[in-house]
Amino acid sequence: AGPLLEVRDLSMHFIKRAGLRAKIVSNVRAVEGVDLTIHEGETVGLVGETGCGKSTLGRCIVRAYEPTSGQIHYRRRDGQVIDAAKLRRSQLKPYQGEVRLVFQDPYSSLNPRMNLLQIISEPLLLHGMTDRVEREQRVADLLTRVGLRPEFMRRYPHAFSGGQRQRVSIARALALDPRLVIADEAVSALDVSVRAQILNLLEDLRAEAGLTYLMITHDLGVVDYLCQRVAVMYLGRIVEFGTTEEVYGNPRHPYTETLLAAIPKPDPRQRGQRTAVTARGELPDPGDAPPGCPFSSRCPYATDLCRNEMPPLRETSTGHLAACHRTDELSLRPA
Ligand code: SF4
Ligand code: MG
């Protein structure tokens, strides 16, 4: 069988209006020409700074957004490959049952006026599970699977801690027995100790239910812990992709080097050394990205070629891709 998900040349552009009577219009290229392949049973990380387009890409994949162009080839449970980018609103339901999103913030993503039974069974109702007893049984099972007591189903979100609420979000995402789960900053709002518990839960659920994950995060530690492969995103584009081991141990894109340098190090002497490499300046507005390499305005290695010509994403070694003109001549620092 081929990959579970194959995103090809995907773009998502937004029209941004600003100014008096919204007359100033700019085209924000939030996602630009993204290719991404995910195999069944693996956990792929998608990392980058806030505003790089990673959440937008996740929302396109679950079809919360309709992408501007490109393809989302998805191999359904019955083996048929469909292009989810082309699905019309009325055709989305079966796809959205198999491909689910777990949201970032367990505090704001759960409706405070609904109890856990209502929250978790909402997707079941939408997908036609009309029998109340059947729904309650399903919710009880789901609560147990995520490590919560079935009796909790009559309680409201405020009664629970951040970690417990994230378990509720996960139970809700699993309600329809999905195959691909896209977790957008699923642990970012949690305390470090709780974070590890949720990551372990996600890993247990993956192994037990044969799930596939796309973990969207700005936290490279999360990727190191859970993901077999990682895609690095910058200004709407994938700039590096490979196994986590390869990308962390042998980065081939200067932006990845910058991200790896920012990982906090337990040894203070090492931490001092690592501050040498940093991206200069702020992330540019995706509306006015430079014409050449999107990283050229911040890259310490930029040349005229970089500023004028877009580097293609190409294989630097087997299965390891980078979009950098100078990737072969630079020796970049690993994590
Ligand atoms: Fe830096 Fe040039 Fe590589 Fe872009 S193409 S990351 S500017 S060296
Ligand atoms: Mg985000």
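Everything quoted here is computed from the prediction, not taken from an experiment.

> Even after reading the chapter, I still don't get the pattern of salt bridges, so can you show me in this structure?
Under the definition given, this model contains 21 salt bridges. A salt bridge links Arg145 to Glu208; the shortest N-O distance between them is 3.3 Å. A residue pair is termed long-range when its members are at least 10 positions apart, and Arg145 in helix H4 (residues 132–145) and Glu208 in helix H6 (residues 192–209) qualify at 63 residues. Look at Glu208 and you get exposed, because its relative accessible area is 53%. Across the pair Arg314 and Asp328 runs a salt bridge whose closest N-O atoms are separated by 3.4 Å. With Arg314 in strand E11 (residues 314–317) and Asp328 in the segment after strand E12 (320–322), this pair connects stretches of sequence that are 14 residues apart. Note on Asp328: relative accessible area 56%, which makes it exposed. Because the salt bridges share partners, they merge into one network encompassing Glu40, Arg75, Glu98 and Arg179.

> Where do I start with the confidence of the model for the protein chain in this structure?
Do not read the fine detail of predicted coordinates wherever pLDDT is low. Per-chain confidence: the protein chain averages 90 in pLDDT, with 91% of residues scoring 70 or above. Counting interchain partners and residues more than four positions distant, the pLDDT-below-50 stretch residues 270–278 has 16 contacts.

> What is the right way to read the site of ligand 1 from this model?
Neighbouring residues of ligand 1: 13 residues in total, closest Cys293, Cys299, Cys306, Cys324 and His325. In a pocket analysis with a 2 Å cut-off to the grid points, ligand 1 is assigned to the largest cavity. Here the residues of the shell around ligand 1 are counted per class, giving nine nonpolar, three polar and one charged.

> What's the story with H4 in this structure? I'm lost.
Two residues of an α-helix separated by three or four positions point the same way, owing to the 3.6 residues in each turn. Under the 1.5 Å per step criterion, the end-to-end length of H4 is 20 Å for 14 residues, consistent within 8% with the ideal 20 Å. Buried within H4 we find Arg135, Glu136, Val139, Ala140, Leu142 and Leu143. Projection of H4 onto a plane perpendicular to its axis shows the buried side chains occupying an angular sector of 165°, all on one side. Summarising the contacts, the buried residues of H4 are in contact with helix H3 (116–126) and helix H5 (162–174).

> Please explain the sheet that holds strand E2 (residues 24–38) as it appears in this structure.
Strand pairing in a sheet relies on backbone hydrogen bonds. The paired strands run either parallel or antiparallel. Judged by pairing direction, the sheet is antiparallel, and its four strands sit side by side in the order E2-E1-E4-E5 without closing on themselves. Lying at the two open borders of the sheet, with one neighbouring strand each, are E2 and strand E5 (81–83). Neighbouring strand axes in the sheet, compared pairwise and without regard to direction, differ in orientation by 25° on average. Sheet topology note: the strand E4 (residues 69–75)/E5 ladder contains three bridges and is antiparallel. Residue pairing across strands places Arg75 opposite Val81, the latter belonging to E5. Seen against the sheet, helix H1 (residues 54–61) touches strand E1 (5–18), E2 and E4 and runs at an angle of roughly 115° to E1.

> Where do I start with the packing of aromatic side chains in this structure?
Working definition: an aromatic ring pair is given by the centre-to-centre distance plus the angle between the planes. The final tally for this structure, using the stated rule, is six aromatic pairs. Ring centres of Tyr234 and Tyr255 lie 4.5 Å apart, and the angle between their planes is 55°; on these two criteria the pair is classed as tilted. Separated by 21 residues along the polypeptide, Tyr234 in strand E9 (residues 229–234) and Tyr255 in helix H9 (residues 254–261) bring together distant segments of the chain. Put simply, the rings of Tyr234, Tyr255 and Phe295 touch in pairs and so form one group of aromatic residues.

The rules behind the values
- Residues numbered from 1 in each chain as written.
- Chains lettered and ligands numbered in written order.
- Predicted model: local features only at pLDDT ≥ 70, side-chain atom pairs only at ≥ 80, totals over all residues.
- Heavy atoms only, no water.
- Salt bridge = Lys/Arg side-chain N within 4 Å of Asp/Glu carboxyl O.
- Helix = DSSP H or I, 4+ residues; strand = E, 2+ residues; numbered from the N terminus.
- Buried < 20%, exposed > 50% of the residue type's maximum accessible area, 1.4 Å probe, protein only.
- pLDDT = per-residue confidence, 0-100.
- Contact = heavy atoms within 4.5 Å.
- Near = heavy atom within 4 Å.
- 1 Å grid on protein atoms, 1.4 Å probe; cavity = no way out; pocket = protein on both sides within 12 Å on 5 of 7 lines; lining within 4 Å.
- Sits in = over half its atoms within 2 Å of the grid points.
- Nonpolar A, V, L, I, M, F, W, Y, C, P; charged D, E, K, R; others polar.
- Expected span 1.5 Å × (residues − 1).
- Arc of directions from axis to C-beta.
- Pairing = 2+ DSSP bridges.
- Axes fitted to C-alpha atoms, helices over the stretch in contact; angles between N-to-C directions.
- Phe/Tyr/Trp six-rings, centres within 6.5 Å; stacked < 30°, edge-to-face > 60°.

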